[in-house]
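In case you want the letters, here they are:
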2 protein chains.
Amino acid sequence: MDSLAFQPLSPVSFLERSALVYADRPAIVSEDRTFTYAEHWLRVRQLAGMLQGLGVGAGERVAVLAPNTHMQLESSTGVSAGRGVLVALNVRLQAGEIATILDHAGVSVLLVDSALEDVGRKAVDQAQVDPRVVVAGGDGRDEYEDMLAAADPVYVRVEDERSLLSLNYTSGTTGVPKGVMYHHRGAYLQALAMAYHAKLDLQTRYLWTLPAFHTNGWCFPWAVTAAGGVHVCLRAVVPKEVWHKLESESITHFCAAPTVLTSLAAAEEARPLEREVHALTGGAPPSPSLLRRMDELNIRVSHLYGLTETFGPAALCDWRPEWDQGTPDERAERLSRQGVGNVIAERVRVVDDNGDDVPADGDTLGQVAVRGNNVMLGYYREEEATRAAAPDGWFRTGDLGVMHPDGYVELRDRLKDIIISGGENISSIEVENVLTQHPAVQEAAVVGVPHDHWGEVPVAFVTTGGSESVSGDELIAFVRERLAHFKAPKSVVVGDLPKTSTGKIQKNVLRETARSASGGDSG
Amino acid sequence: MDSLAFQPLSPVSFLERSALVYADRPAIVSEDRTFTYAEHWLRVRQLAGMLQGLGVGAGERVAVLAPNTHMQLESSTGVSAGRGVLVALNVRLQAGEIATILDHAGVSVLLVDSALEDVGRKAVDQAQVDPRVVVAGGDGRDEYEDMLAAADPVYVRVEDERSLLSLNYTSGTTGVPKGVMYHHRGAYLQALAMAYHAKLDLQTRYLWTLPAFHTNGWCFPWAVTAAGGVHVCLRAVVPKEVWHKLESESITHFCAAPTVLTSLAAAEEARPLEREVHALTGGAPPSPSLLRRMDELNIRVSHLYGLTETFGPAALCDWRPEWDQGTPDERAERLSRQGVGNVIAERVRVVDDNGDDVPADGDTLGQVAVRGNNVMLGYYREEEATRAAAPDGWFRTGDLGVMHPDGYVELRDRLKDIIISGGENISSIEVENVLTQHPAVQEAAVVGVPHDHWGEVPVAFVTTGGSESVSGDELIAFVRERLAHFKAPKSVVVGDLPKTSTGKIQKNVLRETARSASGGDSG
C-alpha cells in the first residue's frame, strides 16, 4: 500500500499545495505584474506543457539565463514540473563560458531574458549543441508569453525523489565549471529548513536580491512558496532600488552577500526602517562594523554557510538567546561563525587529513566536511571529481576551519584557491589559464586579496618569457575579453614567482605580498 | 555514492543534532529535575542500551505506561534509538484492555511509571505474553534509574526510513483496538511540520498537557527537540497545576483538546497571562465562547485536525492575516474549520462514495480522505482492515465534511459512531459489546451526546430480555468494572430501539432523543 503512506519528496509539491491553499493570495510581484498562487501554478504548468511541446523529455536539460524575473521563478519549478532538469546560468558569464556549460549539460532549450538575448544567442552560436532559444520580455513581441499562453498545463509528478532536479554550474579549483547535481528530495528538505529557520510564513514578503541562478537561490524559490509568502522580483541589485523596494513593498526578508549589505549601508538612501527586516547573509562572515550599521538600520542579520554542493546554506550561526546579552563586538564575533548544521542537515564536521574529527578546541585546523540529504548527488558527468570531493562519503568543502567546544564551526582559511568576490566564486586557475594564453606570459598565479567592498579581488603575478614585455593593463584587458569582468585581476605584478623545493608556486607568499602591497588602499 | 547525499529520515536524528548543537541547554524539566540536551541524549542512548541488554532486538515491541514524565519522553526516542518499536499505552485503560494490546503487539518489555505499576502488573498477569516489567520512579528504589545508570549508551541508526517506529493503539469502530503503524519518515516530516507551523524555536518552553501516549504526542516529542526547546513535564492535567506551570515555567506553547481549554478558562486561577501563550487544539472545533475567553486570557488558539492514523495533525486551520479583521464571531467561525493539509501533507480531500472529490461548494457532504508521508503504514497485523480503510490508497477518516471554495475543509458529522470525549475516542460498539455481556441486556446502542465539558459523552439505550430487569446505575457500574471509566455511559435508557426496515438500529434517532433529553442539563 505504498501510495497510502508515501509521496515522493519534491519541491514542486509546495507550489501544488500553496496553489490550493492560498489560491487567491499573491505569489509573485514582478515589475508591474502580480500573479496569485493559482496563476503562478497555472503558468508553471503551462511552462511544463510548453517545454513538452518543444520535445523536452524527462531528464532533459533546460537552461535559463535571466535576472530575478517572474520567468526565472517560473522556471525554478516549471522545468521540473515537466520532469526537465533546470540549468540556471550566471548572468555575468561571457558567451564562451555559457557555451561551455550548454555543451557540457547538453541543453536542448534556452529560456533567455530579452536583456540577455545577445549574449545568449552568441553562446548558442559558439556551442556544439543547438538549443531552441525562447526569449522572454522585451518591448516587442514576448515569445515566452505567447508560447505560455498557447500551452496546455502539464504536471508530471516525479517518481524517484532522488532523481535529478537541476544542475548548478560552479567554478571548481580546476577552472572547468562543474555541474552540481541537485535532487528533488534535497531541495524539498532544504526548502523546509530555510522556511523553518527564516520563520517564513503567510506574512513574508521576500525580496529577490540573491540571484536565483546562484545555487537555485538557496532553495528560496520553494521555501517562500511553501510558506505562501510573496516573491518580490528585482532585475538588478542597485542599492537605491533595493531601498525603495524594502519600503514600498514592505519587505520582511531578503538574502544577500555581505558585500551587498555593505552597499546598502553606504547608500544615500540608507535610513532606519520602520519595521525590522531579516537579512540572511552568506559567502563571507559579516564584519562587526557592518553588523553595527545593520542594527542601526533595523536590519537583523543571520549568518548562513554553505556551498553550491550543499543546496546553499547547510549550516547557520544558530543564535542563542543568551548571546543577546553580549557587547556589540562579542555579538559580532559570535555571528561571524559559520555555526552548526541546519535542522535537516547532518552534523557539520571539521576533519583532519585522515578524515577523523579534529578536537573541538576552537584551535585545531581541519577541513569542513558535510554529508546528508542536502548534499549533491555528485558532479554531472564527472565521476572522478565526485569521488575526489567525497573520498569517504563526506564532501570536503575546501574550507579550513576549527570546531569550537560548543559545536559551532568557524572558518579560518580556504584550502583551495578559490577567490570569492562579491559573492561569486572565481577560480584562480581559470584566470591563470587565460593569462598564460597571452603570448608574453610564461607562468601565472592568481590570488585573492581582501577588499572592503567585494570581500576579495583577484591579483595576478606573472613571469614573462625572456624577450617579451607586456603591461599589467594589457593583461587585465586580455582577461576581460575572455571572462566575466569580475574575474579579471585588479592588478598584475610582473616578476619571479616564489616556489617550493618541489616547484610548486607558493601562493601563501604571494598572498602576503599582495596584502602588504594593497595595504590601506583596498577601497 | 549513496552516503554522500542520503540520510534516512528518522526523528531520532533531531535529538542527535540538538545534543550536539544545544548540548548545555535544558531539554527536559521533570518535577525537580532538569536534563540538558547532552544529558537527554545520553539517557536516551542508555535506554536503548538497557533494552538491548534485556534482549530487545530490531523491530521488537516495547510498551510504555506512564503519564507525561521524563521517562515517557525518553522512551519516545530511546526505544527507536535501539531499533525497538514503541507502544505507548493510554494510562486510562483497564488491565484487561492493556493485556489485549500487550498480546496483539507482542510486547517484550513494559516500562511502567510507579503510579501505574498495579494496573500494569495486573495487565501482565492477564496477558498471554510475559513482558519484562521495569518500574520507573516511586519512593523506594527506582529500577529504571538503576538500570539506566548501569547501561552503556547505544544508538543504531535506522536503515530503512519507512520501517516501523511505533504502534499507536486506537479504538476503531469495531471496538477492537487497532495498532496504527508509524514509520520513521512520517514522524520526521510531521515533526518538522509541527515545528514549522507552531514556530517552535530555541525560546520555546512547551508544556506537556497533551498525553504523550496519544498519537505519540502529535509528534511534539520530536518537534520540540528539533527546535531545541524545553519540554516541561506534567503528570496530570489539573487546571490549577497547568496555570501554575504556565507562569512559573514561562510556557510558550501547549497542545490540548478544547475540553482542557474549557477547564482552564473555568478555573479559579484563570487570569490574563503576561505574555501570549500559543495553544494548539484539536479533537473538536473550539467554540466561539471558548475562543473569546482564551483571547481574554492572552492564549492564542490554533485549530489542528488529524487522527491517530495521520501522526496527529494532518491539517490545520491555516490562519490568513486578512481574517484578523473579522468580528469575534466571524473569526471563531473561521477558526472552527479543520482547514488545509499541513506543509508536508498531501491535499486533504472530501470524497463521495466513488472516491471522487465533492464540489468545493461548502455544502456537499463527503468523507474526508488523506494520503501521503504523514499517513500510517497500516494497521498492525490487520491487512484487511488496512485495505478497507484505504480502498484506493486514500485513507478514509470516517469524518464527514464539506470543502469550502477557498480549499478549507470543515467537518459536519462523523460517519462512524466514534464518540470523542475529552479528546479520547470511545467506540460505541466496544461499550455496546460490554453492555450486552450483562445477563439482563438483550440489545444495546450507544451514542454520543454533546457535553460542554467533555465535548461528548456516551449515552446508552438498551432493551432487556422480557422477564429481566436492571437499573441504569447497575449497568454503568458494570461497564466501569470492565472498561476505562470515561467509556462508561453517563445515563442508560431502557426501552425499545428504533430500527430501519432492514433491522439496523437508527442511531441518528437515538442521538436526537438523547440530545432533547439532555437539553440544557449538559454541564
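Residues numbered from 1 in each chain as written. Chains lettered and ligands numbered in written order. Predicted model: local features only at pLDDT ≥ 70, side-chain atom pairs only at ≥ 80, totals over all residues.

Observations concerning the overall build of chain A
Here's step 1: The helix and strand tally for chain A stands at 18 helices and 24 strands.
Here's step 2: In summary, chain A has a C-alpha radius of gyration of 23 Å against a globular reference of 24 Å for 523 residues, a match within 12%.
Here's step 3: Expressed as lengths along the three principal axes of its C-alpha atoms, the size of chain A is roughly 65 × 60 × 55 Å.
Here's step 4: Relative to its 523 residues, chain A shows a buried fraction of 56%.
Here's step 5: Taking contacts inside chain A between residues at least 6 apart in sequence as the whole, the part at least 24 apart equals 69%. (Helix = DSSP H or I, 4+ residues; strand = E, 2+ residues; numbered from the N terminus. Rg over C-alpha atoms; globule rule 2.2 N^0.38 Å. Buried ≥ 20, exposed ≤ 12 C-beta atoms within 10 Å, placed from the backbone. Contact = placed C-beta atoms within 7 Å.)

Comments concerning the domain arrangement of chain A
Here's step 1: Considered domain by domain, chain A is made up of domain 1 (2–24 + 36–183), domain 2 (340–414) and domain 3 (419–518).
Here's step 2: Taking the mean C-alpha position of each, domain 1 of chain A and domain 3 of chain A sit 35 Å from one another. (Domains from an automatic or database assignment.)

With respect to unusual backbone geometry
Trans is the prevailing form of peptide bonds, just as negative phi is the prevailing case for residues other than glycine.
Here's step 1: Positive phi is not limited to glycine here, since Phe311(A) has a value of about 60°.
Here's step 2: Along the chain, the position of Phe311(A) falls in the loop between β13 (299–307) and β14 (312–316).

Observations concerning the packing of helix α12 (residues 258–266) of chain B against helix α13 (residues 288–296) of chain B
All names here are of chain B.
Here's step 1: Where α12 meets α13, the axes come as close as 10 Å, and the angle between the chain directions of the two elements is 50°. One finds that α12 runs oblique with respect to α13. Viewed along their axes, α12 and α13 form a crossing whose handedness is left-handed. Contact residues: Pro-258, Leu-261, Thr-262 and Ala-265 in α12; Leu-290, Arg-293 and Met-294 in α13.
Here's step 2: Counted by class, the contact of α12 with α13 contains five nonpolar, one polar and one charged residues. (Axes fitted to C-alpha atoms, helices over the stretch in contact; angles between N-to-C directions. Parallel < 35°, antiparallel > 145°, perpendicular 65-115°, else oblique. Left-handed = near helix turned anticlockwise from the far one by under 90°. Nonpolar A, V, L, I, M, F, W, Y, C, P; charged D, E, K, R; others polar.)

Focus: the relation of the copies chain A and chain B
Here's step 1: The operation relating chain A to chain B is a screw motion whose rotation component is 180°, with 0.0 Å of axial translation and a residual RMSD of 0.1 Å. Considering both components of the superposition, the chain copies are consistent with a two-fold axis. Taking C-alpha positions as the reference, the residue of chain A nearest the rotation axis is Tyr196(A), at 2.6 Å.
Here's step 2: Most of the interface of chain A is mirrored in chain B: 100% of its interface residues are interface residues there too. (Least-squares fit on C-alpha atoms with pLDDT ≥ 70 in both.)

Some words on the sheet that holds strand β23 (residues 455–464) of chain B
Residue and element names in this part refer to chain B.
Here's step 1: As summarised here, the arrangement of the three strands in space is β22-β23-β24, forming an open sheet in which the pairing is mixed. The strands lining the two open edges of the sheet, one partner per strand, are β22 (441–451) and β24 (491–494). When strand polarity is set aside, the average angle formed by the axes of neighbouring strands in this sheet is 25°.
Here's step 2: Judged from the 10 bridges that link them, β22 and β23 form a sheet pairing that is antiparallel. When the bridges of β23 are listed, His-451 appears paired with Gly-455.
Here's step 3: Sitting on the sheet, helix α18 (residues 507–518) is in contact with β22 and β23, with an inclination near 60° to β22. (Pairing = 2+ DSSP bridges.)

Points about the packing of helix α8 (residues 184–197) of chain A against helix α8 (residues 184–197) of chain B
Here's step 1: Between α8(A) and α8(B), the shortest axis-to-axis distance is 9 Å and the interhelical angle comes to 30°. Of the possible angle classes, the one that applies to α8(A) and α8(B) is roughly parallel. Between α8(A) and α8(B) the crossing geometry is left-handed. Across from Leu192(A), Ala195(A) and Tyr196(A) in α8(A), the residues of α8(B) making contact are Leu192(B), Ala195(B) and Tyr196(B).
Here's step 2: Looking at the contact of α8(A) with α8(B), its residues break down into six nonpolar, no polar and no charged.

Structural notes on the sheet that holds strand β9 (residues 205–207) of chain B
All names here are of chain B.
Here's step 1: Read from one edge of the open sheet, nine strands run β2-β1-β10-β9-β11-β12-β13-β14-β15, paired in mixed fashion. Both edges of this open sheet fall to β2 (33–36) and β15 (340–341), since each of them pairs with a single strand only.
Here's step 2: Bridging between strand β1 (residues 26–30) and β2 involves four bridges; their strand directions are antiparallel. Each residue of the ladder has a partner; that of Ile-28, found in β2, is Phe-35.

Quick word on the interface of chain A and chain B
Here's step 1: Across the boundary between the two partners, chain A contributes 39 residues, which contact 39 residues of chain B.
Here's step 2: Among the secondary structure elements, those contributing two or more residues to the side of chain A that touches chain B are α1 (2–5), α2 (12–21), α8 and β15 (340–341) of chain A.
Here's step 3: Broken down by class, the residue content of the side of chain A that touches chain B amounts to 20 nonpolar, 12 polar and seven charged.

Observations concerning helix α3 (residues 37–53) of chain A
All names here are of chain A.
Here's step 1: Counted at 1.5 Å a residue, the expected span for α3 with its 17 residues is 24 Å, and the 24 Å between its end C-alpha atoms agrees.
Here's step 2: Counting buried residues in α3 gives 12 out of 17 residues, a clear majority hidden from the surface.
Here's step 3: Burial in α3 covers these residues: Tyr-37, His-40, Trp-41, Arg-43, Val-44, Arg-45, Gln-46, Leu-47, Ala-48, Gly-49, Met-50 and Leu-51.
Here's step 4: Backbone geometry just after α3 places Gly-55 at a positive phi near 90°. (Expected span 1.5 Å × (residues − 1).)

Let's talk about the environment of Asn373(A)
Here's step 1: Along the chain, Asn373(A) falls in the loop between β17 (366–370) and α15 (383–389).
Here's step 2: In this structure Asn373(A) comes out as buried when scored by C-beta crowding, with 23 C-beta atoms within 10 Å.
Here's step 3: Put simply, Asn373(A) and Arg185(A) are 188 residues apart on the chain and 7.2 Å apart in space, counted from C-alpha to C-alpha.
Here's step 4: Among all residues touching Asn373(A), those that are not within four sequence positions of it are Arg185(A), Gly186(A), Leu189(A), Ile344(A), Phe6(B) and Gln7(B).

Comments concerning the pairing of strand β12 (residues 277–281) of chain B
Residues and elements named next belong to chain B.
Here's step 1: Counting buried positions over the five residues of β12 gives four, a clear majority of the element.
Here's step 2: In the sheet, strand β11 (residues 253–256) pairs with β12 via four bridges, with the strands oriented parallel. Across the sheet, residue Cys-255 finds its bridge partner in β12, namely Leu-280.
Here's step 3: The handedness of the β11 to β12 crossover, carried by α12, is right-handed.
Here's step 4: Summarising the sheet, β12 and strand β13 (residues 299–307) pair through five bridges and their orientation is parallel. Bridging from a neighbouring strand, Val-277 pairs with Ile-299 of β13. (Right-handed = clockwise from strand over helix to strand, strands pointing away.)

Some details on the environment of Asp406(A)
Here's step 1: Assignment of secondary structure puts Asp406(A) in the loop between β18 (395–403) and β19 (409–414).
Here's step 2: Counting along the chain gives 268 residues from Asp406(A) to Gly138(A), while the straight-line C-alpha distance between them is 53 Å.

A short note on the confidence of the model for chain A
A low pLDDT score tells you not to read the predicted coordinates there in detail.
Here's step 1: For chain A, mean pLDDT is 92; residues scoring 70 or higher make up 95% of the total.
Here's step 2: If you check the scores for this complex, the pTM reads 0.88 and the ipTM reads 0.87. (pLDDT = per-residue confidence, 0-100.)

Let's talk about the environment of Thr386(A)
Here's step 1: Within the secondary structure, Thr386(A) is located in helix α15.
Here's step 2: Between the C-alpha atom of Thr386(A) and that of Val449(A), which follows or precedes it by 63 residues, the distance is 29 Å.

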